[in-house]
Amino acid sequence: MELNGKLTVVTGGTRGVGAGIAHAFAEAGADVVICARRPPDTPLKGTEFLPLDVRDPDAVQALFDGLPRVDVLVNNAGGTPYRPLTGTATDPGTDARRHARVIDLNLTAPLTVSLAAHAHLRRSRGSIVMIGSVSGSRPSPGSAAYGAAKAGLEHLARSMAVEWAPDIRVNTLVLGMVRTELSHLHYGDEHGVAAVARTVPLGRLADPSDVGGAAVFLASDAAAYITGASLLVHGGGERPAFLDAATADRPPTDDTGRRYTTDGTGRGTPDDSNGTRGGGR
Ligand SMILES: NC(=O)c1ccc[n+]([C@@H]2O[C@H](COP(=O)([O-])OP(=O)(O)OC[C@H]3O[C@@H](n4cnc5c(N)ncnc54)[C@H](OP(=O)(O)O)[C@@H]3O)[C@@H](O)[C@H]2O)c1
């Protein structure tokens, strides 16, 4: 897929998912601008860094006013700390402004950036890729404001796609778990990451390059008729928890809890693979 010379802006393109996206666009021949509050630790080949806080509308507008053109915008900057609604034991509090800041970054800022890029994108008949999350469509305990913002982001993208058609296409990549430099903050050490990976049908977390490939596709001519769409990049998602809890349609267990598979003679054979429908995790 080729994006030769297309000017692409990736917010939060300095590390993690955003760096994977920026790399994929550069590989596809795009001219890539990455922006974040701090520069990348090491320069990313094929990209130009411009400092920006996406929550500052004036700075965002100034950045886009200074660009000669924009063909693709990837609204990637986002994220949240672990933040239960009523705080934690060491950091209690019910001040809704703490959660509003998360919504600012994950919902208001992508709108701010999209509006600032709108005139450029209309001229170039360009496209926007929002970076959403599965947290936007399932309960998100510990990051409720983030989940709500990501749900809103997907909805915003669908409305934007209609308001700005036929000039600008707008789509969302809905991400599951991605392996980044900061994965240990969410999943713990290597054992934690490996255990979490086993819960994914494809058996691993996504690599930022997986997200990059999907974003390049949505920005390319191959997706010329795709707008207002959400594309799941989650390796098959989450196995429904009830399947492991249910007692129906499962092989019988002995009184130690070990599960037996029947061999047609009525005698069981031990099965330590955990015997759940559709294979274990
Ligand atoms: N990693 C996952 O498993 C996962 C899963 C689902 C969805 N996502 C989504 O993927 C996106 C990237 O996540 P990530 O895990 O790669 O996060 P990350 O490693 O924390 O990187 C976030 C990037 O955004 C930048 N950023 C943060 N606040 C900013 C601000 N106010 N203004 C400008 N840039 C800002 C950061 O740079 P500075 O701090 O220097 O500004 C950094 O470049 C987010 O939208 C996240 O919700 C990630």
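Residues numbered from 1 in each chain as written. Predicted model: local features only at pLDDT ≥ 70, side-chain atom pairs only at ≥ 80, totals over all residues.

Note the threshold: UniProt positions are given in the numbering used here, feature names are shortened, and annotations may be inferred rather than shown by experiment.
Looking up the protein chain in an unreviewed UniProt entry gives the name SDR family oxidoreductase, with the organism given as Streptomyces ossamyceticus. Looking at the Sequence similarities (unreviewed entry) heading of the UniProt record, one finds this comment for the protein chain: "Belongs to the short-chain dehydrogenases/reductases (SDR) family."

**Some points on the pairing of strand S4 (residues 72–75)**
So the rule is basically this: Here a residue counts as buried when 20 or more other C-beta atoms sit within 10 Å of its C-beta, as exposed when there are 12 or fewer, and as partly exposed otherwise, the C-beta atoms being derived from the backbone. Think of it this way: any DSSP run of H or I at least four residues long counts as a helix, any run of E at least two long counts as a strand, and we number them from the N terminus. What makes two strands pair is DSSP finding at least two bridges between them.
Where burial is concerned, the two faces of S4 agree: the one with Val72 and Val74 and the one with Leu73 and Asn75 are both buried. Inspection of the sheet shows strand S1 (residues 7–11) paired to S4 by 3 bridges, in the parallel sense. Looking at the pairing, Val9 lines up with Leu73 of S4. As defined by bridge partners, S4 adjoins strand S5 (residues 127–133) across 4 bridges and the pair is classed as parallel. Note on S5: the bridge partner recorded for Leu73 is Ile128.

**Comments concerning helix H7 (residues 208–219)**
Stated precisely, the cut-off is as follows: A helix's residues, less one, multiplied by 1.5 Å, set its expected span. Here the contact rule is simple: place C-beta atoms from the backbone, and any two residues whose C-beta atoms are within 7 Å are in contact.
The end-to-end C-alpha distance of H7, which contains 12 residues, comes to 17 Å, matching closely the 16 Å that a straight helix rising 1.5 Å per residue would cover. For H7, a buried count of 9 out of 12 residues is recorded, marking the element as mostly surrounded by other parts of the structure. What H7 keeps buried is the set Pro208, Asp210, Val211, Gly212, Ala214, Ala215, Val216, Leu218 and Ala219. Turning to H7, the residues buried within the fold contact helix H1 (16–27), S4, S5, strand S6 (169–175) and strand S7 (230–233).

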